[in-house]
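Next come the chains, spelled out residue by residue.
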Amino acid sequence: MEEQRSPHQYEPATQAFEMPDWAGTVDRIRAGDPIAMTELYAVFTRGIRYLLLRSLGVEEVDDRVHDCFVIVAEAIRSGELRDPARLMGYVRTVVRRHIAASIEDAISRRRTTVEFEDSVFSVSDWKNNPEQNLLARQRAEIARRVFNGVSRRDREILRRFYLLEQPQELICQEMGLSYNQFRLLKSRAKARFGKLGQRLAESGSLGFATLLIQNKDNKTEAIQAEDIKAEKASGASH
Amino acid sequence: MIGVVGILHRSDEQLELYALGRLSEPSVAEVEEHLLVCAACQERVDDLQAYALAMRQAISREPARAERRLSWFQHSWFQHSWFQHSWLKVPVLAWAGGFAVIVLSASLYLQFIPRLSPLASLQLTAMRGSIPSTGLSRETDITLTDAPASPTLHAEVVDATGSTIWSGALEPKTHKIALVRQLAPGNYFVRLFDDGGKLLHEYGFQVRDSL
């Protein structure tokens, strides 16, 4: 018999991850150990940068990371962080406050300087670059093939979850699904997306010559050379 | 050297809901604290987000209404007992009958169904009084002109009876909602919420019973 589980009980993660022991690090920073501070910086910068990028984009991200880290370091040194085990929670709070303050500041600036916006401020380009545009188009094409390759019932489930943003509970209830059936369908579709993407990238059958490149995060991604050239050319002409 | 203790990575499901902005606040805190120190899960969130976006784009281009009609047709029409008559089992007659039905349906459709404009665009401002209106169309683009500049705004479109027509995250820069379906004539309301579910604005618009 299939196990019934509430959608709120997430599938347990199986792989272990090594987490730094914060109590020791905090004690060493309080004792003035500069190496501990360097270690803390090395552990947190990437994560802080990641959360800031998700919410605020690339603008001034290095300065923002630095500002957040300074606040955290000062709190540790001054003893404001009372429970070292809650260091990650504290760092997250600092980052969230920084994000909230930045958004508030941006809103206030927009309200007060709206008349001069065009002449005083330069507007940065938020559009994806040609490679990103192309990758997004490829992913959408692969997703379309995956979507068309599943049964009508499965398509309805995917449509409700990804497009209509219905909660899992509602989908399971209205379509008479157990939580496990719902979860399996989604993971099967995603696995098919990955396999199909890999196969199409290797065979170059997305309609263009395809080559594999490594992006800055060292992840291999499929890029269509002719399309990139075309997009770059059209970007340059604007 | 920093000491280490073993903890578990977050599940795909939890990370996917986080990437889609649909995780409840206590879990968001849990996931973000983990993301602060786990590069592997950061990459997984990015991958899951790209996958969800691709899936959404793919699905939004699919004609859901046509599929539902076909489903009804297959389940109720073809299962009907008279369809099992022997003359319909002869391929030529069956095809000829089918073709005749299609031609008849098409002519009736063109005669009685009003032609729709492909897309209607509306620009909404939160205020009381007269509300903007649009004619019948296959799709409707809605722009909320005075939405606050927050990256995590949610909106819902409801009809006059309060039934949800659409709900989801608002596009952060354009503040646009794309309704890829035909709206029936009547009054509709767009509600704008912040990250915490607080109602920020409510807008109204009308779909006229004409083009």
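Asker: Please explain the overall build of chain A as it appears in this structure.
Answerer: When helices and strands are tallied, chain A shows 10 helices and 3 strands. Across chain A, helices and strands are ordered from the amino to the carboxyl terminus as β-α-α-α-α-α-α-α-α-α-β-β-α. Classification of the 238 residues of chain A by burial places 39% in the buried group. When contacts within chain A are restricted to residue pairs at least 6 apart in sequence, long-range pairs at least 24 apart make up 54% of them. Of the accessible surface of chain A, which amounts to about 14300 Å², a share of 51% is contributed by carbon and sulfur atoms.

Asker: Please explain the sheet that holds strand 3 (residues 133-134) of chain B as it appears in this structure.
Answerer: Remark on secondary structure: sheet strands pair via backbone hydrogen bonds, oriented parallel or antiparallel. Residues and elements named next belong to chain B. The sheet built from 5 strands is open, its strands ordered 3-9-8-5-6 with mixed pairing. Taken across any chain shown, the strands that pair with only one partner, and hence form the sheet edges, are strand 3 and strand 6 (164-169). As defined by bridge partners, strand 8 (residues 186-193) adjoins strand 9 (residues 199-207) across 8 bridges and the pair is classed as antiparallel. Each bridged residue has a counterpart across the sheet, and for Asn187 the counterpart in strand 9 is Gln206.

Asker: Sorry if this is basic, but what is going on with the pairing of strand 7 (residues 176-179) of chain B here?
Answerer: Where a strand is regular, its side chains alternate between the two sheet faces. Residues and elements named next belong to chain B. Every second residue of strand 7 is oriented toward a common face, the buried set being Ile177 and Leu179 and the non-buried set Lys176 and Ala178. Across 4 bridges, strand 4 (residues 137-144) lies against strand 7 in antiparallel orientation. Across the sheet, Ile142 pairs through a bridge with Ile177, a residue of strand 7.

Asker: What exactly am I supposed to notice about the environment of Val91 of chain A here?
Answerer: Along the chain, the position of Val91 of chain A falls in helix 4 (residues 87-112). Under the relative-accessibility criterion, Val91 of chain A is labelled buried at 1%. Separated by 22 residues in the primary sequence, Val91 of chain A and Phe69 of chain A place their C-alpha atoms 8.1 Å from one another. Discounting chain neighbours no more than four positions away, the residues touching Val91 of chain A are Phe44, Ile48 and Val72 of chain A together with Leu36 of chain B.

Asker: In this structure, what is going on with the packing of aromatic side chains? I would like to understand it.
Answerer: Two descriptors summarise a pair of aromatic rings, namely the distance from one centre to the other and the angle between the planes of the rings. The full count for this structure, using the stated rule, is 6 aromatic pairs over all chains. Relative to Phe69 of chain A, the ring of Tyr41 of chain A has its centre 4.7 Å away and its plane inclined at 90°; by these criteria the two rings are edge-to-face. A residue pair is termed long-range when its members are at least 10 positions apart, and Tyr41 of chain A in helix 2 (residues 34-56) and Phe69 of chain A in helix 3 (residues 61-78) qualify at 28 residues. Centroid distance Phe193 of chain A to Tyr51 of chain B: 4.8 Å. Interplanar angle 70°. Geometry classified as edge-to-face. Of this pair, Phe193 of chain A sits in helix 9 (residues 179-203) while Tyr51 of chain B is found in helix 3 (residues 39-60), placing the two residues in two different chains. According to the relative accessible area criterion, Phe193 of chain A is buried, its value standing at 13%. Of note, Arg155 of chain A hangs over the ring of Phe147 of chain A, and the distance from its end group to the ring centre comes to 6.0 Å. The ring centre of Tyr51 of chain B lies 5.6 Å from the NZ or CZ of Lys190 of chain A, which sits over that ring.

Asker: How should the pattern of salt bridges be read in this particular structure?
Answerer: When the charged atoms of two side chains with opposite charge come close together, those side chains can pair. Residue and element names in this part refer to chain A. Taken as a whole and assessed by the stated rule, the structure comprises 21 salt bridges over all chains. Between Glu141 and Arg144 there is a salt bridge, with the nearest N and O atoms lying 3.1 Å from each other. Here Glu141 pairs with Arg144, and both are found in helix 6 (residues 130-148), just 3 residues apart, close to one helical turn. A salt bridge links Glu156 to Arg159, with the shortest nitrogen-to-oxygen separation between them at 3.3 Å. Here Glu156 pairs with Arg159, and both are found in helix 7 (residues 152-163), just 3 residues apart, close to one helical turn.

Asker: Can you help me understand the nonpolar core in this one?
Answerer: Ranked by size, the top nonpolar core spans 70 residues in total, and within it Phe44, Ile48, Leu52 and Leu87 of chain A carry the most contacts. Once residues lying within four places of it in the same chain are set aside, the contact partners of Ile48 of chain A are Val65, Cys68, Val91 and Val95 of chain A together with Leu36 of chain B.

Asker: When you look at unusual backbone geometry in this model, what are you seeing that I'm missing?
Answerer: Among all residues save glycine, negative phi is the norm, and among peptide bonds the norm is trans. Unlike most non-glycine residues, Glu165 of chain A shows phi in positive territory, near 55°. Tracing the sequence through the fold places Glu165 of chain A in the loop between helix 7 and helix 8 (168-175). For His175 of chain B, which is not a glycine, the phi torsion comes out positive at approximately 55°. One can find His175 of chain B in the loop between strand 6 and strand 7. Given a relative accessible area of 8%, His175 of chain B falls into the buried group.

Asker: Whenever I open this one, helix 2 of chain A confuses me. Can you help?
Answerer: In an α-helix, one turn spans 3.6 residues, which is why side chains three or four residues apart end up on the same side. For helix 2 of chain A, with 23 residues, the first-to-last C-alpha span of 30 Å sits near the 33 Å given by 1.5 Å per residue. Of all the bends in helix 2 of chain A, the greatest, near 35°, is centred on Phe44 of chain A. Here helix 2 of chain A has its buried residues at Ala36, Met37, Glu39, Leu40, Phe44, Thr45, Gly47, Ile48, Tyr50, Leu51, Leu52 and Leu56 of chain A. At its buried positions, helix 2 of chain A is contacted by helix 1 (22-30), helix 3 and helix 4 of chain A together with helix 1 (12-19), helix 2 (25-35) and helix 3 of chain B.

Asker: Sorry, what's going on with the state of the cysteines here?
Answerer: In protein structure, a disulfide is the covalent linkage between the sulfur atoms of two cysteines. Residues and elements named next belong to chain B. For the structure shown, the criterion picks out 0 disulfides over all chains. Note on Cys41: no disulfide assigned, nearest cysteine sulfur contributed by Cys38 at a separation of 3.7 Å. We classify Cys41 as buried; its relative accessible area is 0%.

Conventions used here
Residues numbered from 1 in each chain as written. Chains lettered and ligands numbered in written order. Predicted model: local features only at pLDDT ≥ 70, side-chain atom pairs only at ≥ 80, totals over all residues. Heavy atoms only, no water. Helix = DSSP H or I, 4+ residues; strand = E, 2+ residues; numbered from the N terminus. Buried < 20%, exposed > 50% of the residue type's maximum accessible area, 1.4 Å probe, protein only. Contact = heavy atoms within 4.5 Å. Areas by Shrake-Rupley, 256 points an atom, 1.4 Å probe, with all protein chains shown as cover. Pairing = 2+ DSSP bridges. Phe/Tyr/Trp six-rings, centres within 6.5 Å; stacked < 30°, edge-to-face > 60°. Lys NZ or Arg CZ within 6 Å of the ring centre and 35° of its normal. Salt bridge = Lys/Arg side-chain N within 4 Å of Asp/Glu carboxyl O. Core = buried A, V, L, I, M, F, W, Y, C linked by side-chain atoms within 4.5 Å. Expected span 1.5 Å × (residues − 1). Bend = angle between axes of the 7 residues up to and from the residue. Disulfide = S-S within 2.5 Å.

Geometric values such as these leave the question of function open.
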